[in-house]
Amino acid sequence: MGRPSTRPGKLRDGFYIEVRSKGSKTGIKLRSDTLDEMKQAALHYGKTKEVTVLGEYKNGKPVKK
């Protein structure tokens, strides 16, 4: 067991949503290649979880639109 990393991981290019259990403070980020795939995943997980759409990321940073 090593020491945990202190630097956050870089996000790959794509579209992201954050999924968390209802009432939870932390969640996981899910990446999709296309906008349609992201919307479909958000609808799928939205039935039982809290979903936050983070949008598109390029080079580890959000794309402003």
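Preceding block: the structure.
Anyway, here's the lowdown on the structure attached to this text. Here the residue index of a chain counts from 1 through its sequence in written order. For this predicted model, a pLDDT threshold of at least 70 governs which residues receive local features, and a threshold of 80 or more governs which side-chain atom pairs are given and counted, while totals over whole chains, interfaces and linings are taken from all residues. To get the side-chain values, take all heavy atoms of the structure and skip hydrogens and water.

**Some words on helix 1 (residues 35-46)**
Strands are runs of DSSP state E lasting at least 2 residues, helices are runs of H or I lasting at least 4, and numbering of each runs from the N terminus. Any helix carries an expected span of 1.5 Å times its number of residues minus one. Across its 12 residues, helix 1 extends 16 Å between first and last C-alpha, which sits within 8% of the 16 Å expected from 1.5 Å per residue. Turning to helix 1, its buried residues number three or more, namely Met-38, Ala-41 and Ala-42. Buried residues in helix 1, looked at end-on, bunch into an arc of 105°, giving them a common side. Residues of helix 1 that are exposed and point over 90 degrees away from its buried face: Asp-36, Gln-40, Leu-43 and His-44. Looking at the packing, one finds that the buried side of helix 1 touches strand 1 (14-20), strand 2 (28-32) and strand 3 (50-58). The rule is simple: take the accessible area with a 1.4 Å probe, protein chains only, and divide by the maximum for that residue type; under 20% is buried, over 50% is exposed, in between is partly exposed. Arc definition: directions from the helix axis to the C-beta atoms. Contacts were defined at the residue level, with two residues in contact if any of their heavy atoms lie within 4.5 Å.

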